[in-house]
Amino acid sequence: MEVKQDKAYQQAAGCLPPLRAAQLAALEGQEEVEELRFRAGRPPAVKTARGERELELAAVTAQELREILSRAARYSVHSYTESLKNGFVTLTGGHRLGVCGTAAEENGKIVGIRGLSSVNLRIARQARGLDAVIAPWVGEGTPQSMLLLSPPGFGKTTLLREWVRAVSDKGHTVAVADERGEVAALADGVPQFAVGRCTDVLENCSKKRAALMLLKTMSPALLAFDEITAPEDVEAVSLCAHCGTAVLATAHAAGTDDLRRRPLYRSLLELGVFRRAVVIGRRDGKREYRMERLEERTCSS
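Residues numbered from 1 in each chain as written. Predicted model: local features only at pLDDT ≥ 70, side-chain atom pairs only at ≥ 80, totals over all residues. Heavy atoms only, no water.

A. How the structure looks around the pattern of salt bridges. Scanning all chains against the criterion turns up 27 salt bridges. A salt bridge links Glu64 to Arg20, with the nearest nitrogen and oxygen atoms 2.6 Å apart. With Glu64 in helix 3 (residues 62–72) and Arg20 in helix 2 (residues 18–25), the pair connects residues that are 44 residues apart, well separated along the chain. The exposure classification of Glu64 matches that of Arg20, with both residues buried. Across the salt bridge formed by Glu235 and Lys208, the nearest N and O atoms sit 2.5 Å from each other. Placement of the pair is Glu235 in helix 8 (residues 231–243) and Lys208 in helix 7 (residues 207–217), with a sequence separation of 27 residues. A residue is classified by how much of its surface remains accessible, and Glu235, at 38% relative accessible area, is partly exposed. Linked by salt bridges that have partners in common, Glu35, Arg37, Arg39, Glu52 and Arg122 make up one network. (Salt bridge = Lys/Arg side-chain N within 4 Å of Asp/Glu carboxyl O. Helix = DSSP H or I, 4+ residues; strand = E, 2+ residues; numbered from the N terminus. Buried < 20%, exposed > 50% of the residue type's maximum accessible area, 1.4 Å probe, protein only.)

B. Representation of unusual backbone geometry. The backbone phi angle of Asp188 is positive, close to 55 degrees, even though this residue is not glycine. By secondary structure assignment, the location of Asp188 is in the loop between strand 9 (186–187) and strand 10 (190–191). A positive phi angle is found at Ser219, which is not glycine, with a value near 45 degrees.

C. Main features of the packing of helix 5 (residues 131–138) against helix 6 (residues 156–168). Running from N to C, helix 5 and helix 6 cross one another at 60 degrees; their axes reach a closest spacing of 10 Å. By the angle class used here, helix 5 and helix 6 are oblique. Helix-helix and strand crossings are classified by hand; for helix 5 and helix 6 the assignment is right-handed. Taken together, the residues of helix 6 that come into contact with helix 5 (itself represented by Asp131, Ile134, Trp137 and Val138) are Leu159, Glu162, Trp163, Arg165, Ala166 and Val167. Residue composition of the contact of helix 5 with helix 6, by class: seven nonpolar, no polar and three charged. (Axes fitted to C-alpha atoms, helices over the stretch in contact; angles between N-to-C directions. Parallel < 35°, antiparallel > 145°, perpendicular 65-115°, else oblique. Left-handed = near helix turned anticlockwise from the far one by under 90°. Contact = heavy atoms within 4.5 Å. Nonpolar A, V, L, I, M, F, W, Y, C, P; charged D, E, K, R; others polar.)

D. Structural detail: the layout of surface pockets. There is about 1,200 Å³ of room inside the largest pocket. Looking at the largest pocket, it is lined by 46 residues, and the ones nearest its centre are Ser83, Phe88, Thr90, Glu179 and Arg180. Elements supplying a minimum of two residues to the lining of the largest pocket: helix 3, helix 4 (81–85), strand 4 (88–90), strand 5 (96–106), strand 6 (109–122), strand 9 and helix 8. In terms of residues, the lining of the largest pocket owes the most to one element, strand 5, which gives five residues. In terms of residue class, the lining of the largest pocket is built from 14 nonpolar, 17 polar and 15 charged. Its boundaries defined by the atoms lining it, the second largest pocket holds a volume of some 780 Å³. Taken together, 38 residues make up the lining of the second largest pocket; nearest its centre are Glu34, Ile123, Gly155, Thr158 and Arg287. (1 Å grid on protein atoms, 1.4 Å probe; cavity = no way out; pocket = protein on both sides within 12 Å on 5 of 7 lines; lining within 4 Å. Points joined across faces, edges and corners; volume = space filled by probe spheres on them.)

E. Structural view of the nonpolar core. One finds Leu16, Leu36, Phe38, Leu97 and Leu121 to be the most contacted residues of the largest nonpolar core, which totals 29 residues. Among the secondary structure elements, those contributing two or more residues to this core are helix 1 (7–12), strand 1 (35–39), helix 3, strand 5 and strand 6. In terms of residue count, the dominant contributor to this core is helix 3 (four residues). Beyond its immediate stretch of four places on either side in the chain, Leu36 contacts Tyr9, Leu16, Leu24, Ala45, Val46, Val119, Asn120 and Leu121. Ala175, Ala210, Leu215 and Ala251 belong to the second-largest nonpolar core, a separate cluster that totals 28 residues. (Core = buried A, V, L, I, M, F, W, Y, C linked by side-chain atoms within 4.5 Å.)

F. Summary view of the side chain of Thr90. With respect to the secondary-structure elements, Thr90 resides in strand 4. Given the relative accessible area of 19%, Thr90 is considered buried. Among the polar contacts listed, one links the side chain of Thr90 to the backbone oxygen of Arg180, at a separation of 2.7 Å. (Polar contact = N/O pair within 3.5 Å; in protein donor to acceptor, adjacent residues only side chain to side chain.)

Geometry only, nothing functional implied.
Right, here's the structure in full:
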């Protein structure tokens, strides 16, 4: 039986060595694969919404891991030094290769990863099926600030991208601070994902610096950030608040109670920018979306 080929899966797998890419091209259910994981000494594994499973293939070697990283970095690993300090390389199409191994430190800061032990190839996809889910929350009027929450790997970036597209296609100017190049995946300045007709994108720039530039030059009604993970990111949200610009942002949390327990996010909530949050969960291998109010502990659907 001929295996149905998934475009995003095939594009992401382009960084794999030819033999491994050929093996994985025969995998069934490619459209459901969210991550391809390669661990030294273990067979490759695939992760879907139902969990992770190893494939009946030969074990991954250290040399293979090095080749995957080299191919992902287009045989110019030094050009990706800054992103590798944070443990990843972004591929064409918005896919991301996360790396693990022995961290190299200088003056208390990570400057790179050597002696690779595993890599995780995360596959980015457009998800138009979210239109009906988010339409009531996006609304028809002026864009409102919203926080998108979930544990890692639950689809926050996908939801953020679709939210941006929905607001933008209603005629509101949207700016995206795409620090890792995963939201729009620009290629020669053209977004490879649909992010709306009124959207401006600034890639490979810290959120705070991007906010300063975009607020001054693009006058957005909504500014989107993916993953608030550092105090500087909270400052970026604060800049938007002072300018009267709505903010769409994602954060790692299982819900609003989990969010409140974390010092960084408590400081984020103290800004008073976010009144509501959309929480992504899973049940029986399927994603669920619910609205929670941040000014109180009860939640509404």
